[in-house]
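What follows is the residue order along each chain.
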Amino acid sequence: MSFLLASALLFALGVYGVLTRRTAILVFLSIELMLNAANLALVGFARAHGLEGQVAALTVIAIAAAEVAVGLGLIVAIFRHRESTAVDDLSELRG
Amino acid sequence: MALLLPILLPLLGFALLGLFGKRMREPLPGVMASGLVLASFLVGVGLLLSGGARFEAAWLPGIPFSLLLDPLSGLMLLIVTGVGFLIHVYAIGYMGGDPGYGRFFAYFNLFIAMMLALVLADSYPVMFIGWEGVGLASFLLIGFWYKNPQYADSARKAFIVNRIGDLGFMLGMAILWALYGTLSISGLREALEGPLRNPSLLALAGLLLFLGAIGKSAQVPLMVWLPDAMAGPTPVSALIHAATMVTAGVYLVARSSFLYSALPDVSYAIAVIGLLTAFYGALSAFGQTDIKRIVAYSTISQLGYMFLAAGVGAYWVALFHVLTHAFFKALLFLASGSVIHALGGEQDVRRMGGLWKHLPRTRWHALIGALALGGLPFLSGFFSKDAILAATLAYPFGGVGFYLGGLLVAVLTALYAMRWFVLVFLGEERGHHHPHEAPPVMLWPNHLLALGAVLSGYLALPHPLPNLLEPFLKPALAEVEAHPLAPGAEWGLVALSAAVALFGLYLGYTFFQRKAFPAWYPAFEAWSREGFYVDRVYNALVVNPLKALSEALLYGDQGLLRGYFGLGGLVRGAGGALARLQVGYLRVYALLFVLGVLLVLGVMRW
């Protein structure tokens, strides 16, 4: 139970971070927090119900590694392009 | 194929003048148009001398495009192109300096082409093409000076009134098609020999076709458009609204003579309508003050005479009057045009008078025209009118009542013809003009027309004397058994109508020269001036209710449109409100996303 509580807490922290931070790096960091909160929940379930949860968590970690590479690459590209990573400035696609 | 030429030549002129007329120097469009009509005339004469012609090409399923040149259509072709050519030449002078010079002759050639299609047609649908085409040309030419809204209204009026008749024409065609499965005129003529299959339905078809003729020929009750049609230039009045187009109705009845000779009741109705129209036109001519409107009402009256003749079964007599009328009425109109030209556009007879000494040529044209119209013995109008009067007694559908009515109209005709002449040419000068005689290009057509107005009557003289026209037209018309009058009676009638015409002319001359009017005359003149208020009655009974209905419908339509506009505005507002959600801030999207997830989870939980 405490696993799930910790996971929920971590997830809420992540959401809060996404909603309040203006820098793309920190928004990205908060998303990672949410991701890992989900991983924690999976591992917690695995303790109660069997190993499948751990397998899922490992898969998530492996894919998240790739996702981090893409996400950070995008952020670096944006920074190179406009000398800033503030997400509020990125509104060019607004209709 | 050669039969297509008379139609195609003026049509070519229409195309060329319509496309390039604006760039041509002044007399060129007129010369070109006149030349093409003359060429058409010559081709027609050549074909007629070679014994007629026939043309047929595949067209609609079951309805070939067929043309026929027989004596009947040949006579009309010669009138249309011959008189048409003279009026074209006259218009070269009359329209000089008009900014729409090329356009005028383009329309004129279109008219000739369509009129020839009407005349040469050997099936009703082909005739209908010409029928509508001349209506269009008439509309375009009445509204030729379209910048004057009154003239444009006149053009619309003519078109709309004609449309009522055209509906009759179409329905008549539909019934004939349903009865016989063919609309070829020669085919129907063969089919109608022998006993009739469905006489009452056939009579309805005949009446409906005649309704078309009523509209086109301005008969009671659809005569209201013709006086207003005088808004067009004078050559238009002469060509379309006197000599040719308005006689298309008479031609239709003569062309369908095989049908009408089998329907005595319908023929009787035609004769009654003709006589009524003759009366109406003659009585209305007395009060008019516009030089052209007097002649226009006389045209209505003379067309009534033609229908009287066609109604009693004397089809060749109707065409005889078409022929003589084409000459003297075109002459009257062109003489009026010369007067208008001489006075610099003045059309009110109250400001004319005393032109006898100023217009040494035109005065003779007008005198010959007026006397021929009034039926002075030995002029063309006398012979054709006398033939009509004699026909009312000799032909099977006639009667003494028609004769007496016709005789009375003859007196009236002589009276108003003299009124027209006296008011314009005699008496003291009432205007402040310096009249000048027309140029030769306008005088020569009138010389020739005057010659025709004098001589064309000798084509068909009363009985023992030679009659060229009747045997010429006979093969194309239905056989009607006439009871020829005894020579004594016939010549008695001739003497009577001569006496009546002379009496009318003399009375008219003294009456209007001395202005010795009886007491009731001014009241009658006031009624006559308004055409016996027929226009107002139509306005009150038909036009205004229709206008009110259409305005109500327009109002309803606008309400409906406003409703649709409201609906559209609502959707647009909703779209605008939703579009405001897209602010461009990433964190707002994230927040909405989170709220959405919470909502979905909450719903699932609940």
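Computed from a prediction, not measured in an experiment: that's the story for all the values here.

**Details of the overall build of chain B**
Scanning chain B from terminus to terminus reveals 24 helices and two strands. Taking the principal axes of the C-alpha coordinates as reference, chain B spans close to 120 × 65 × 50 Å. Scored against the burial criterion, the 606 residues of chain B give a buried share of 56%. A separation threshold of at least 6 residues defines the contact pool for chain B, and within that pool the share at least 24 residues apart is 81%. Total accessible area on chain B stands at roughly 25200 Å², and carbon and sulfur atoms take up 71% of it. With 35 positive and 28 negative side-chain charges, chain B shows a separation of 13 Å between the mean positions of the two kinds.

**With respect to the UniProt feature "transmembrane region" (unreviewed entry) in chain A**
When the UniProt feature table is mapped to this numbering, "transmembrane region" (unreviewed entry) covers residues 27-48 and 55-79 of chain A. Each end of residues 55-79 of chain A is marked by a C-alpha atom, and these two atoms are 36 Å apart; helix forms 100% of the span and strand 0%.

**Focus: the packing of helix α8 (residues 199-216) of chain B against helix α11 (residues 248-255) of chain B**
Angle between the axes and distance between the axes: these two values describe a pair of packed helices. Residues and elements named next belong to chain B. Put simply, α8 and α11 touch, their axes get as near as 7 Å, and they point 155° apart. Taken as axis vectors, α8 and α11 run roughly antiparallel relative to one another. In this structure, α8 uses Leu209, Phe210, Ala213 and Lys216 to contact α11, whose residues at the interface are Ala248, Gly249, Leu252 and Val253. When its residues are assigned to classes, the contact of α8 with α11 shows six nonpolar, one polar and one charged.

**Thoughts on the side chain of B:Gln219**
Residues and elements named next belong to chain B. Relative to the elements of secondary structure, Gln219 occurs in the loop between α8 and α9 (225-228). A polar contact is formed between the side chain of Gln219 and the backbone oxygen of Ser217, at a distance of 3.3 Å. Once you skip the residues sitting within four places of it in the chain, Gln219 turns out to touch Ile214, Ile273, Gly274, Thr277, Ile300, Leu303, Gly304 and Phe307.

**A closer look at the interface of chain A and chain B**
If you look at the interface, chain A gives 13 residues, while chain B gives nine residues. In total, about 880 Å² of surface goes out of reach between chain A and chain B, with carbon and sulfur atoms giving 58% of it. Viewed at the interface, chain B and chain A are joined by zero residue pairs in polar contact (both at pLDDT 80 or more). Split by residue class, the side of chain A that touches chain B holds six nonpolar, three polar and four charged.

**Here's the deal with unusual backbone geometry**
Residues B:Val220 and B:Pro221 are joined by a peptide bond in cis, for which omega reads 5°. If you trace the backbone, B:Pro221 turns up in the loop between α8 and α9. Here the phi dihedral of A:Glu83 falls at roughly 60°; this positive angle occurs in a residue that is not glycine. Tracing the chain through its elements places A:Glu83 in the segment after α3 (52-82). The class of A:Glu83 is exposed, set by a relative accessible area of 66%. Backbone geometry places B:Tyr533, a non-glycine residue, at a positive phi of 60°.

**Focus: the pairing of strand β2 (residues 63-69) of chain B**
Every other side chain in a regular strand lies on the same face of the sheet, so the side chains alternate between the two faces. All names here are of chain B. The buried fraction of β2 is high, at five of seven residues. Here strand β1 (residues 53-60) pairs with β2 via six bridges, running antiparallel. Its bridge partner being in β2, Ala53 is matched across the sheet by Leu69. Remark: two residues form the turn of the hairpin made by β1 and β2, two consecutive strands paired antiparallel; Gly62 in that turn has positive phi of roughly 85°.

**Thoughts on the packing of helix α4 (residues 101-120) of chain B against helix α10 (residues 234-243) of chain B**
Residue and element names in this part refer to chain B. At a minimum axis separation of 12 Å, α4 and α10 run at an interaxial angle of 5°. Here α4 lies roughly parallel to α10, going by the angle between them. Residues Phe104, Phe108, Phe111 and Ile112 of α4 touch α10, and the partners they reach there are Pro235, Val236, Leu239 and Ile240. Looking at side-chain class alone, the contact of α4 with α10 contains eight nonpolar, no polar and no charged residues.

**Focus on the side chain of A:Ser7**
In this structure, A:Ser7 sits in helix α1 (residues 2-20). In this structure, A:Ser7 is in contact with A:Ala37, A:Leu40 and A:Ala41, ignoring residues within four places of it in sequence.

**A look at the environment of B:Ile142**
Residue and element names in this part refer to chain B. Within the secondary structure, Ile142 sits in helix α5 (residues 124-142). For Ile142, a relative accessible area of 0% translates into the label buried. With residues near it in sequence (within four places) discarded, Ile142 still touches Tyr151, Ser154, Ala155, Ala158, Asp228, Ala229, Ala231, Gly232 and His241.

**A few points about the UniProt feature "domain: NADH:quinone oxidoreductase/Mrp antiporter transmembrane" (unreviewed entry) in chain B**
Per the UniProt record, "domain: NADH:quinone oxidoreductase/Mrp antiporter transmembrane" (unreviewed entry) is annotated on residues 125-395 of chain B. Across residues 125-395 of chain B one finds 74% helix and 0% strand; the C-alpha atoms that close the span lie 31 Å apart.

**Examining α8(B)**
Structural remark: α-helix, 3.6 residues per turn; residues separated by three or four positions point the same way. Residue and element names in this part refer to chain B. Across its 18 residues, α8 extends 26 Å between first and last C-alpha, which sits within 8% of the 26 Å expected from 1.5 Å per residue. By the burial criterion, the buried members of α8 are Leu202, Ala203, Ala205, Gly206, Leu208, Leu209, Phe210, Gly212, Ala213, Ile214, Gly215 and Lys216. Phi for Ala218, located one or two positions after α8, is positive at around 55°.

**Section: the packing of aromatic side chains**
Each aromatic ring pair is described using two quantities: the centre-to-centre distance and the angle formed by the ring planes. All names here are of chain B. Inspection of the entire model under this criterion finds 35 aromatic pairs over all chains. Aromatic pair Tyr90 and Tyr94: ring centres 5.8 Å apart, planes at 20°, arrangement stacked. Of this pair, Tyr90 and Tyr94 both sit in helix α3 (residues 71-94), four residues apart, which is roughly one turn of that helix. With respect to class, Tyr90 is no different from Tyr94; both count as buried.

**Comments concerning the environment of B:Leu11**
Residues and elements named next belong to chain B. Assignment of secondary structure puts Leu11 in helix α1 (residues 5-20). A relative accessible area of 29% places Leu11 in the partly exposed class. Once the C-alpha coordinates of Leu11 and Met32 are considered, the two residues, 21 residues apart in sequence, prove to be 12 Å apart. Not counting residues within four places of it along the chain, the set of residues in contact with Leu11 comprises Leu110 and Ala113.

**Some remarks on the pattern of salt bridges**
Residue and element names in this part refer to chain B. One pass over the structure, following the stated rule, counts 13 salt bridges over all chains. Here Arg350 makes a salt bridge to Asp348, at a shortest N to O gap of 2.9 Å. On the accessibility criterion, Asp348 (12% relative accessible area) is buried. In this structure, the salt-bridge partner of Arg419 is Glu525, at a minimum N-O distance of 3.8 Å. A residue pair is termed long-range when its members are at least 10 positions apart, and Arg419 in helix α18 (residues 400-425) and Glu525 in helix α22 (residues 521-529) qualify at 106 residues. Assigned by exposure class, Arg419 and Glu525 land together as buried. Because the salt bridges share partners, they merge into one network encompassing Lys157, Asp228, Arg293 and Asp535.

Cut-off values and rules
- Residues numbered from 1 in each chain as written.
- Chains lettered and ligands numbered in written order.
- Predicted model: local features only at pLDDT ≥ 70, side-chain atom pairs only at ≥ 80, totals over all residues.
- Heavy atoms only, no water.
- Helix = DSSP H or I, 4+ residues; strand = E, 2+ residues; numbered from the N terminus.
- Buried < 20%, exposed > 50% of the residue type's maximum accessible area, 1.4 Å probe, protein only.
- Contact = heavy atoms within 4.5 Å.
- Areas by Shrake-Rupley, 256 points an atom, 1.4 Å probe, with all protein chains shown as cover.
- Lys, Arg positive; Asp, Glu negative; His and termini not counted.
- Charge placed at Lys NZ, Arg CZ, Asp CG, Glu CD.
- UniProt positions renumbered as here; feature names shortened; annotations may be inferred.
- Axes fitted to C-alpha atoms, helices over the stretch in contact; angles between N-to-C directions.
- Parallel < 35°, antiparallel > 145°, perpendicular 65-115°, else oblique.
- Nonpolar A, V, L, I, M, F, W, Y, C, P; charged D, E, K, R; others polar.
- Polar contact = N/O pair within 3.5 Å; in protein donor to acceptor, adjacent residues only side chain to side chain.
- Buried area = accessible area lost by both parts, 1.4 Å probe.
- Pairing = 2+ DSSP bridges.
- Expected span 1.5 Å × (residues − 1).
- Phe/Tyr/Trp six-rings, centres within 6.5 Å; stacked < 30°, edge-to-face > 60°.
- Salt bridge = Lys/Arg side-chain N within 4 Å of Asp/Glu carboxyl O.

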